[in-house]
Amino acid sequence: MPSEDKGCLYLCATPIGNLEDITLRALRILKEADYIAAEDTRHTLKLLNHYDISKPLISYHEHNRMEKGPEIIELVRQGKKVALVSDAGMPGISDPGADLVKMAYEAGVSVTVVPGPSAALSALVLSSLPTRRFAFEGFLPRERKQRRERIQMLQTEQRTVIIYEAPHRIKALLRDMLDVLGSRRIAIVRELTKIYEEVMIMSLQEAVEYYDGRTPKGEFVLVLEGAQPDTMDRDFSHLSIKDHLREYISAGMSKKEAVKQVARDRKIPKSQVYPYSIDLEA
Ligand code: SAM
């Protein structure tokens, strides 16, 4: 930890919804700081007002980080204590905080962390999916082609995967994941620590159906089951396409899902699989 009387950049975690989720140390650091650098100063003011803290605020966000970053680091070099907070949770996780940390090391100034809540870990522990090994993906690319390419990379990822997404992109993301990965288990974690906190644990197929005709609202974290080793790189050459379809249908898949999954497994177009499904009972 840096000495008390020297300049330092403090990466200070703040609540992700419930204002009580702030540590005693975070409150002390915010009270003692010379400046607070915040992603959205109006948003941070609500937190500061709640705890009766009044400090000079510096706006530091995605669009001004290249100009403001060096100014903040210069303040630290001059001996000032600067607390960096993001809109929610741990600064540096899917927000511009990470750039400032890099600049601090490059400039040789002190930097430390004041840990606290993060939506990623909170969602993971609530998901009921394996927590022993996990991968954090943050936000996937917005552009559809790049997003699907990234999802393809997850086909063989055996660790539980944590994904952030804005509500208006949730439906498209779920559809893309179902298309590319097939139906895995997913926990849809919404509004963590807030009044309408909700965790829905279902299959990707059910998730897509659930949101058909509904509008996702609030803040979301998706926690996706990792690839199961027994479904990866399986050799299907001993099975006819029809038997391959039967396997999935008898495991509970609809005919449509089974066709998709078999096409995926065999890396062939669905149109080549579909004719074999016509006279199968589902
Ligand atoms: N730095 C933050 C952290 O440590 O979690 C994340 C910042 S990122 C810009 C914002 C995203 O985090 C949201 O789009 C959402 O995916 C997730 N998030 C933040 N607060 C949340 C909450 N209360 N419930 C669910 N997701 C949340």
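Residues numbered from 1 in each chain as written. Predicted model: local features only at pLDDT ≥ 70, side-chain atom pairs only at ≥ 80, totals over all residues. Heavy atoms only, no water.

1. Notes on the pairing of strand β8 (residues 185–190)
Taking burial as the measure, the 6 residues of β8 include 5 buried ones, the bulk of the element. As paired strands, β8 and strand β9 (residues 198–203) are joined by 6 bridges and run antiparallel to one another. Considered in β9, the bridge of Val 189 is made with Val 199. (Buried < 20%, exposed > 50% of the residue type's maximum accessible area, 1.4 Å probe, protein only. Helix = DSSP H or I, 4+ residues; strand = E, 2+ residues; numbered from the N terminus. Pairing = 2+ DSSP bridges.)

2. Thoughts on the sheet that holds strand β10 (residues 220–224)
Taken in spatial order, the 5 strands of this open sheet run β6-β7-β10-β8-β9, and their pairing is mixed. Only two strands of the sheet have a single partner each, and these edge strands are β6 (134–139) and β9. Each adjacent strand pair in this sheet contributes to an overall mean axis angle of 20°, direction not counted. With 5 bridges joining them, β8 and β10 adopt antiparallel strand pairing. Its bridge partner being in β10, Ala 187 is matched across the sheet by Val 223. (Axes fitted to C-alpha atoms, helices over the stretch in contact; angles between N-to-C directions.)

3. Details of the site of the ligand
Near the ligand there are 19 residues, and of these Ile 16, Ala 119, Tyr 164, Leu 192 and Phe 220 occur at the shortest range. Within the side chain of Tyr 164, a nitrogen or oxygen atom sits 2.8 Å from an oxygen atom of the ligand. At 3.4 Å from a nitrogen atom of the ligand is found a side-chain nitrogen or oxygen belonging to Glu 219. Computed on the free molecule, the ligand has an accessible area of 580 Å², of which 91% lies beneath the protein chains in the complex. Secondary-structure elements contributing two or more residues to the shell around the ligand are β7 (160–165) and β10. (Near = heavy atom within 4 Å. Polar contact = N/O pair within 3.5 Å; in protein donor to acceptor, adjacent residues only side chain to side chain. Areas by Shrake-Rupley, 256 points an atom, 1.4 Å probe, with all protein chains shown as cover.)

4. Thoughts on the domain arrangement of the chain
Accessible area lost when the parts come together is the quantity often used to give the size of an interface. Domain annotation for the chain reports domain 1 (8–117), domain 2 (120–228) and domain 3 (234–277). In this structure, domain 1 and domain 3 have C-alpha centres spaced 52 Å apart. (Domains from an automatic or database assignment.)

5. Remarks on the layout of surface pockets
Once rolled over the atoms, a probe with the size of a water molecule shows which space is left empty. As a volume, the largest pocket reaches approximately 1,000 Å³. Counting only elements with at least two residues in the lining of the largest pocket, the list comes to α2 (41–50), β7 and β10. Broken down by element, the residue count for the lining of the largest pocket peaks at 4 residues, all from α2. A class-by-class count of the residues in the lining of the largest pocket yields 18 nonpolar, 9 polar and 11 charged. (1 Å grid on protein atoms, 1.4 Å probe; cavity = no way out; pocket = protein on both sides within 12 Å on 5 of 7 lines; lining within 4 Å. Points joined across faces, edges and corners; volume = space filled by probe spheres on them. Nonpolar A, V, L, I, M, F, W, Y, C, P; charged D, E, K, R; others polar.)

6. Brief notes about the pattern of salt bridges
In the structure shown here, the tally under the stated rule is 20 salt bridges. The closest approach of N and O atoms between Arg 144 and Asp 176, which form a salt bridge, is 3.4 Å. Taken together, the residues Arg 144 in helix α6 (residues 144–153) and Asp 176 in helix α7 (residues 170–181) connect sequence positions 32 residues apart. Overall, the relative accessible area of 48% leaves Arg 144 in the partly exposed class. Relative accessible area serves as the criterion here: at 3%, Asp 176 is assigned to the buried category. We note a salt bridge from Glu 165 to Arg 169, for which the minimum N-O separation is 3.5 Å. (Salt bridge = Lys/Arg side-chain N within 4 Å of Asp/Glu carboxyl O.)

7. Observations concerning unusual backbone geometry
Of note in this structure, Asp 52 is not a glycine but carries a positive phi near 55°. Its location among the elements puts Asp 52 in the loop between α2 and β3 (57–59).

8. Details of the packing of aromatic side chains
Within a pair of aromatic rings, the relevant descriptors are the distance that separates the centres and the angle that separates the planes. One pass over the full model with this rule turns up 4 aromatic pairs. Plain terms: the ring middles of Phe 139 and Tyr 164 are 5.7 Å apart, the flat faces sit at 65° to each other, and that makes the pair edge-to-face. Taken together, the residues Phe 139 in strand β6 and Tyr 164 in strand β7 connect sequence positions 25 residues apart. On the basis of relative accessibility, which here comes to 44%, the residue Phe 139 falls in the partly exposed class. (Phe/Tyr/Trp six-rings, centres within 6.5 Å; stacked < 30°, edge-to-face > 60°.)

9. Considerations on the nonpolar core
Ile 163, Leu 174, Met 177, Ile 186, Ile 188 and Leu 222 are the most contacted members of the largest nonpolar core, which has 22 residues in total. Every element with two or more residues in this core is listed here: β7, α7, β8, β9, α8 (204–211) and β10. Counting residues per element, this core draws most heavily on α7, which supplies 7 residues. What Met 177 contacts, discounting residues up to four positions off in sequence, is Ile 151, Ile 163, Gly 182, Ile 186, Leu 204, Leu 222 and Leu 224. (Core = buried A, V, L, I, M, F, W, Y, C linked by side-chain atoms within 4.5 Å. Contact = heavy atoms within 4.5 Å.)

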